[in-house]
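Coordinate inspection notes
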Amino acid sequence: MSVNPAKSRLSVPSGSLQISEWVPALCGTNGHFLRFSLVIPTYNEGKNIKHMVQILSQLLDSVIPGDYELIVVDDDSPDRTWEIAQSLIPEYTHLRVMRRQQERGLSTAVIRGWQVARGQILGVIDGDLQHPPEVLLKLLAEIEGGADLAVASRNVEGGGVSEWSFVRRFLSRGAQILGLIILPEVVGRVDDPMSGYFMVRRCAIVDRTLNPLGYKILIEVIGRGKIGQIAEVGYVFQERQEGESKVTWKQYVEYLGHLLRLRFDRWPLARFLRFGMVGLSGVFVDMAVLYLLHDPSTLGWALTRSKIISAEVAIINNFLWNDVWTFGDMSGQQRGWRKRLKRFLKFNIVCLIGLVLNVLLLNVLYNFCRVNYLLANLIAIAAVTFWNFWINMKLNWRVTEINN
Ligand code: GDD
Ligand code: MN
């Protein structure tokens, strides 16, 4: 039976990488969501795709017949994987195929697939049979049991890799440690953050704008989704039988770029810049007051007394600006003079501790690391600004159960 390519091929969504609550293409399913949509990203998997679709269909037909779909997203493979996949549609009617010609990359392929998906549970599996399909049933069971995200993991009981070289193991672990350093609150939530085999509830990522780079889509999902409970299921990463891996050094660079992008997106960068500008205004206030109090041509007071007063005036200046501007949205939720006074006293304490840290750091850098004293001072100021910002935001301005 011949297939009309234009009809059977999915068109590629454009615009931002966002999954919507409502899918216009629910037709064909009588307007109902399916239970499960599984995306299979492919690039030159012509030798694997048929076998893959066959095994997956057999497996899922045994548990959720008629209630799932398979979505192959191919990046215009030179071996024409998309064409081979399309030729399977008459036999496997729950199979849908997308051929992307404008965009590339594993992570975005997965999201484009999810954008047209009609399932309440969205999944991804490699198209090269390295991810054992039967694990899907355990992952499904975890989601049905209440998890928002179920990850197939090489690093929990029952998991592992088959014949990996020392170098590959080392690189994989190294990448995980790097992730733990840069993005601990995301990468640390799972034992195998590098996994490309998982399922997530649609509602956990709906309307979140995803913006991944490279291969590691799981980090993007945890970093930007509303992910509560996470379950991990062990699996052994199989050896490739056909075709070859697309991983090159480029993926490692992209991975680092992806971690940094998520880090900065998660940090309130604009707020930090405001905090920095307020800090700078404080320097001028401090200088001006010091001059007024200490200079022989003005009041001519003793230096220490003048400095203590000028520093406190600067702290008051900084507090007021931060309270109405930097953290204005947060202070708006804790109105009243008493609360403001409490914030002011806390701000003083944090800044005082910051000053002590500043002196300590300057000494360590200068005496032990032999850094030039001016450079050392600059580093110390930068580090302490960061400390002041972070602690003040988390413990002072932010509304928490404790200070309510
Ligand atoms: N559409 C599309 N576009 N698919 C791609 C692209 C791309 O640019 N690059 C790779 N793929 C597909 C491959 O065809 C394969 O189905 C799957 O993505 C994984 O690619 P491989 O090149 O086989 O990756 P791997 O085996 O080295 O890495 C796997 O192991 C990691 C665990 O260390 C991937 O599964 C990762 O997702 C996984 O985390
Ligand atoms: Mn592979």
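Keep in mind the model is a prediction, meaning the values are calculated, not measured. (Residues numbered from 1 in each chain as written. Chains lettered and ligands numbered in written order. Predicted model: local features only at pLDDT ≥ 70, side-chain atom pairs only at ≥ 80, totals over all residues. Heavy atoms only, no water.)

1. Focus on the coordination of the manganese ion (ligand 2)
Coordination of the manganese ion (ligand 2) by the protein comes from Asp128 (OD) and Gln130 (OE1), over a distance range of 1.9 to 2.0 Å. Here Asp128 matches Gln130 in class, with each residue buried. (Donors = N, O, S within 2.8 Å, 3.2 Å for Na, K, Ca; no water. Buried < 20%, exposed > 50% of the residue type's maximum accessible area, 1.4 Å probe, protein only.)

2. Quick word on the pattern of salt bridges
Scanning the model with the defined rule gives 23 salt bridges in all. When the shortest N-O distance is used, the salt bridge between Arg240 and Glu45 registers 2.8 Å. Taken together, the residues span a long stretch of sequence, with Arg240 in the loop between β12 (236-237) and α10 (249-266) and Glu45 in the loop between β3 (34-42) and α2 (49-63) at a distance of 195 residues. For the pair Arg240 and Glu45, one class covers both residues: buried. Residues Arg340 and Asp323 are paired through a salt bridge, measuring 2.9 Å at the closest nitrogen-oxygen approach. Placement of the pair is Arg340 in helix α14 (residues 337-368) and Asp323 in helix α12 (residues 303-326), with a sequence separation of 17 residues. Within this structure, Glu45, Asp128, Arg240 and Lys246 form a network of salt bridges that share partners. (Salt bridge = Lys/Arg side-chain N within 4 Å of Asp/Glu carboxyl O. Helix = DSSP H or I, 4+ residues; strand = E, 2+ residues; numbered from the N terminus.)

3. Here's the deal with the sheet that holds strand β5 (residues 95-99)
Backbone-to-backbone hydrogen bonds join strands into a sheet, with any given pair of strands oriented parallel or antiparallel. The eight strands lie next to each other as β1-β5-β4-β3-β6-β9-β7-β11, forming an open sheet whose pairing is mixed. Edge positions in the sheet fall to β1 (9-10) and β11 (230-234), since each has one partner strand and no second. Across the sheet, helix α4 (residues 106-116) touches β1, β3, β4 (68-74), β5, β6 (119-124) and β9 (198-201), and the angle it forms with β3 is around 150°. (Pairing = 2+ DSSP bridges. Contact = heavy atoms within 4.5 Å. Axes fitted to C-alpha atoms, helices over the stretch in contact; angles between N-to-C directions.)

4. Some points on the site of ligand 1
Near ligand 1 there are 27 residues, and of these Glu45, Asp75, Asp126, Met194 and Lys246 occur at the shortest range. Gly105 is positioned with one of its backbone polar atoms (N or O) 3.3 Å from an oxygen atom of ligand 1. At 3.4 Å, a side-chain N or O of Arg168 approaches an oxygen atom of ligand 1. For ligand 1, whose free accessible area comes to 730 Å², the fraction covered by protein is 95%. Listing elements by their share of the shell around ligand 1, those giving two or more residues are β3 and α4. Each residue belonging to the shell around ligand 1 can be placed in one class, and the counts come to ten nonpolar, eight polar and nine charged. (Near = heavy atom within 4 Å. Polar contact = N/O pair within 3.5 Å; in protein donor to acceptor, adjacent residues only side chain to side chain. Areas by Shrake-Rupley, 256 points an atom, 1.4 Å probe, with all protein chains shown as cover. Nonpolar A, V, L, I, M, F, W, Y, C, P; charged D, E, K, R; others polar.)

5. Re the packing of α12 against α14
At their nearest, the axes of α12 and α14 sit 10 Å apart, and the two run at 125° to each other. By the angle between their directions, the pair α12 and α14 is classed as oblique. The element α12 and its partner α14 pack so that their crossing is right-handed. Here Glu312, Ile315, Ile316, Asn318, Phe319, Asn322, Asp323 and Val324 of α12 come into contact with α14, specifically with Arg340, Arg343, Phe344, Phe347, Asn348 and Cys351. Classifying every residue of the contact of α12 with α14 by side-chain character gives seven nonpolar, three polar and four charged. (Parallel < 35°, antiparallel > 145°, perpendicular 65-115°, else oblique. Left-handed = near helix turned anticlockwise from the far one by under 90°.)

6. Things to note about helix α6 (residues 166-182)
Helix length check: α6, at 17 residues, gives a terminal C-alpha distance of 24 Å against a target of 24 Å (1.5 Å per residue), a fit within 8%. Among all positions of α6, only Ser172, Ala175, Gln176, Gly179 and Ile182 are buried. Down the axis, α6 shows its buried residues gathered within 135° of arc, on one side only. In this structure, α6 carries Phe166, Val167, Phe170 and Ile181 as exposed residues pointing more than 90 degrees from its buried face. (Expected span 1.5 Å × (residues − 1). Arc of directions from axis to C-beta.)

7. Notes on the confidence of the model for the chain
Averaged over all residues, the pLDDT of the chain equals 91, while 95% of them reach at least 70. Predicted confidence for residues 400-404 stays below pLDDT 50, and this span has eight contacts to residues more than four positions away or in other chains. (pLDDT = per-residue confidence, 0-100.)

8. A look at the packing of aromatic side chains
For the structure on display, the rule yields 16 aromatic pairs. Residues Tyr197 and Tyr235 carry aromatic rings whose centres are separated by 5.7 Å and whose planes lie at 80° to one another, so their mutual orientation is edge-to-face. You can see Tyr197 sitting in the loop between α7 (184-187) and β9 and its partner Tyr235 sitting in the loop between β11 and β12, a full 38 residues away along the chain. Tyr235 carries the same exposure label as Tyr197, and that label is buried. When the ring of Tyr235 is compared with that of Phe237, the centres are 6.4 Å apart and the planes differ by 65°; the resulting orientation is edge-to-face. Using a relative accessible area of 7% as the deciding quantity, one classes Phe237 as buried. An aromatic cluster is present here, built from Phe272, Phe275, Phe319, Phe327, Phe344, Phe347, Phe386, Phe389, Trp390 and Trp397 joined pairwise through their rings. The ring of Trp82 carries Arg99 above its face, with NZ or CZ at 3.6 Å from the centroid. Sitting over the ring of Trp325, Arg274 keeps its end group 5.9 Å from the ring centre. (Phe/Tyr/Trp six-rings, centres within 6.5 Å; stacked < 30°, edge-to-face > 60°. Lys NZ or Arg CZ within 6 Å of the ring centre and 35° of its normal.)

9. What about the environment of Arg340?
For Arg340, a relative accessible area of 24% translates into the label partly exposed. Not counting chain neighbours up to four residues away, the residues in contact with Arg340 comprise Phe319, Asp323 and Val324.

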